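Take a look at the letters that make up each chain.
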Amino acid sequence: MMKNRIYFGIFLVSIAALALEISLIRFFSIIQWYHFAFMIVSIALFGLAASGTFLMVKKVKNPLFFSSVLFSISVWVGFFVMNNVVFDPFKAVLNFNHVFVLLLYYVFLGLPFFFFGIIIAYAFLKFQKSAGKVYFWNLSGSAIGTLAALFFISYFHVKAIFIVSVIGLISSLFFLENVKQKKIVFLLIIINLSLLFLPLELNISKYKEFNQALNIPDSRHIDTKYNSFSRVDIVESSFTRYAPGLSPSFSEILPEQIGITIDGDGMNSITKYENIGFVDNLPSSVPYFLGDNKKTLIINSGAGLDVLAALRYNASVTAIEANPIVINLLKGQYADYSGNIYNDANVVFGEGRSFIRQNDDQFDVIVLSLAGSVLSSSTSISGLSENYLLTEEAFKDYYSSLSESGFLVVTRWLLFPPRESLRLFSLALEIDEDGSNIAMFRSWTTVTLILSKKNFDDYTIEKIRAFVEKNKFDIIYLPSDFVPNKNLKFEKPYYYNALQNLLKDKDKFYKEYIFNVRPVTDDKPFYFNFFKVSKINELYKIIGQKWNPFFDSGFLLFFILIQALILSIIFILLPLKLFIRTKNRIRKKPIVYFFAIGLGYLFIQIVLIQKFILFLGHIVFSSSTILFSMLLFSGLGALYSQRYKIVNLNKIMFTIFILTIIYALLLNVIINYLISLSLILKMVLTALIISPMSFLMGFPFPSGIRIIKKELIPLAWAVNGSASVLSPILAVMIALFLGYNFVLLLAGVVYLFSLVFIISKRSQSTEQT
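A brief look at the structure comes next. (Residues numbered from 1 in each chain as written. Predicted model: local features only at pLDDT ≥ 70, side-chain atom pairs only at ≥ 80, totals over all residues. Heavy atoms only, no water.)

Right, let's talk about a nonpolar patch on the surface for a bit. Taken together, the side chains of Phe654, Ile658, Ile662, Leu665, Leu666 and Val669 present a nonpolar region at the surface, about 550 Å² in accessible area. Considering the arrangement of structural elements, one finds isoleucine 658 in helix α23 (residues 649–674). (Patch = residues over 30% accessible without salt bridge, like charges linked within 9 Å, V, L, I, M, F, W, Y side chains within 5 Å. Areas by Shrake-Rupley, 256 points an atom, 1.4 Å probe, with all protein chains shown as cover. Salt bridge = Lys/Arg side-chain N within 4 Å of Asp/Glu carboxyl O. Helix = DSSP H or I, 4+ residues; strand = E, 2+ residues; numbered from the N terminus.)

The topology assignment puts serine 14 in helix α1 (residues 2–31). Serine 14 gets classed as buried once you look at its relative accessible area, which sits at 0%. For serine 14, the side chain forms a polar contact with the main-chain oxygen of isoleucine 10, separated by 2.7 Å. Residues in contact with serine 14, not counting those within four places in the same chain, are Phe116, Ile120, Trp137, Asn138, Gly141 and Ser142. (Buried < 20%, exposed > 50% of the residue type's maximum accessible area, 1.4 Å probe, protein only. Polar contact = N/O pair within 3.5 Å; in protein donor to acceptor, adjacent residues only side chain to side chain. Contact = heavy atoms within 4.5 Å.)

The next subject is the sheet that holds strand β12 (residues 474–477). Pairing is mixed in the open sheet, where eight strands are placed in the order β7-β6-β5-β8-β9-β11-β10-β12. With partners counted over all chains shown, the strands left at the sheet margins are β7 (346–349) and β12, one partner each. The mean inter-strand angle of the sheet, taken between neighbouring strand axes irrespective of direction, is 20 degrees. Summarising the sheet, strand β8 (residues 363–368) and strand β9 (residues 402–413) pair through five bridges and their orientation is parallel. The residue of β9 that forms the bridge with valine 365 is phenylalanine 407. Each of β5 (295–299), β8, β9 and β11 (446–452) touches helix α14 (residues 392–400); the most contacted strand, β9, lies at about 140 degrees to it. (Pairing = 2+ DSSP bridges. Axes fitted to C-alpha atoms, helices over the stretch in contact; angles between N-to-C directions.)

Next up on the list: the pairing of β8. Among the six residues of β8, six are classified as buried, and the element is accordingly described as predominantly covered. Relative to β8, β5 runs parallel, the two being bridged by four bridges. Its bridge partner being in β8, isoleucine 299 is matched across the sheet by leucine 368.

What follows is about the packing of helix α6 (residues 131–156) against helix α22 (residues 619–641). Between two packed helices, what matters for the description is the angle formed by their axes and the separation of those axes. Viewed as axis vectors pointing N to C, α6 and α22 meet at an angle of 165 degrees, and their least axial separation amounts to 7 Å. When the axes of α6 and α22 are compared, the pair comes out roughly antiparallel. Crossing handedness for the pair α6 and α22: left-handed. Contact with α6, carried on its side by Gly132, Lys133, Tyr135, Phe136, Leu139, Ser140, Ser142, Ala143, Ile144, Thr146, Leu147 and Leu150, involves Val620, Ser624, Leu627, Phe628, Leu631, Leu632, Ser634, Gly635, Leu636, Ala638, Leu639 and Ser641 of α22 and no other residues of that element. Looking at the contact of α6 with α22 residue by residue, the class counts come to 15 nonpolar, eight polar and one charged. (Parallel < 35°, antiparallel > 145°, perpendicular 65-115°, else oblique. Left-handed = near helix turned anticlockwise from the far one by under 90°. Nonpolar A, V, L, I, M, F, W, Y, C, P; charged D, E, K, R; others polar.)

Put simply, phenylalanine 416 and proline 417 share a cis peptide bond, and its omega is -5 degrees. Relative to the helices and strands, proline 417 resides in the loop between β9 and α15 (420–429). Even without being glycine, asparagine 314 reaches a positive phi, approximately 60 degrees. Position of asparagine 314 among the secondary structure elements: in the loop between α10 (305–312) and β6 (316–321). One non-glycine residue, lysine 472, lies in the positive phi region at around 55 degrees. Mapped onto the secondary structure, lysine 472 falls in the loop between α16 (458–470) and β12. The class of lysine 472 is partly exposed, set by a relative accessible area of 37%.

Here it is, written out as structure tokens:
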């Protein structure tokens, strides 16, 4: 009976721990930027690894109750530190000591996961022969925690932290040793619940556009709205004006606008329906000057300037928007403000490529709206974020959905030195190798690509010239004669020169250019990553002091990897050395085995999350479905493994290896074939597709725990956790250069490699000599 109580306590605290991790990732993405959120995963796993090390060097008697209470208290403390001790990337460059703020994050945000890790590791020690059951309750609780986090964030917002803490306290009731402890728990629960009534806001970085907008005189924060994957802020200011790429020939006053930021960044606006003639002077209006283009698809429509431009020319508009809050603002709260014009468009919640695959319609114009901010593009903040709208396969999807005389129009921020404009052009060249269907022009701040379904005729070329000249833009490329660097003059025609060199010899240019501007694919969907390790010295000489390494996702990834390696050394090798001193000699096979399966599990998890983003349409849908399914089925596998005294791990590992090959070969085919189905059905199919491998991946860890010496269990937990610290970072780094399929195959090899280090009953007696 007592064992069952402990199991249920493990289940509850596992819910809390996973919900905490996902909540911190979301909040950190809002406070800082997306690429900094990678650290939360590392911090959580670091805490788990540290708990194993602690139990290895310090013998404790039944720490379950106090660890669960300390988990709940440290949830408050860690969040308070994160929200009030803000890391400033610019200050870190000027004063390296400021980097130690990141160390504070590791210590205080790692504490809840440290106490959680003690609970799980101690449970393995106490119930070694029932390791499969312990792992089942741990993983199944974690699976529920992934879904609980989305609910908590949607309904409690920042105060989700207190709900997580309450669940941790409830779990402690199943670890009680006396009545006095129960009183302490109920007092803490009451304190937690009363904190829900206090005001609490995230301390967003002053460099994000939300705070920059509020710094403008006469500005006002109107409202904040949350859903499970975003925070949308509405800002009102007489100075709010958003018209990216607006022609310098436009001299009138822009209409009133209301600013919108998502996760504190990516400023966009809702435009008041008055004096909207300025849209004629936006780059994205170009297709409506080229002919009678009526049927328009706008992807990533945002707050709708591109929708406004299309409707002004009486186009039949379908707009795809990935955030339902934005749709509700346009068609509900601010419908009157915008003249109800968005009710004339078919605004659809979804993802662009999924929509195209679900529909056989042909469009005269497909527009990819400008998303994000010039800051995030120019500083490589988005470099580690996947973007399946800007890959070779995506461009082929758009091209196949164009009518015979249709145009694809893509506008992006203009970066110097040239890089994003070159990658955009390289993607178009994958469709049109000789460039006869491509045109490109720029404003001071944006670059616009036009890809035509048919070759440009003289009439269309003259229309493009006229549009560019009318708006005083500059042509970068046209399959005809033109004068570069004519209206918006740089010292040299940098963008024109770079494109000419690209066209002369693509392979040579890709190899020698300072930035990585090769076209990206669905297997390596890092459109915003231009980082080249081989050119880092040359890059620094060109950019010099303007380069902030903590704003560069490529650098930050290396930085996190180095710190993870250092922490792994501290929490594996040094304790191992101490353990060897006290126990004379230890076999290394169990250590390598638990390290390998920890590395392999997270490799597969990261790859599956990335692979299914395109299928499910959003990273939140992908990560929640994959995490829930993998953890649940792995938990069931762990429970099933308990039926056997000795598990044949040779067969398990070999089957996992074969499945990674099958998944690498067939996942893309399956995704492309089933992508047109409804979201709910795709989520169910995703769970079914990954269930066989997830089920088998639940066997190796508890089976290993059951057959090693009891005193090695904390070490196994620490080693497995440390491998998990490294694996998310390594997975992304490898994918940047070699693709996600390679990472998936590598994971299979790692599992196969672990066969060499499987601990058999025969070797168990000689593990320690």
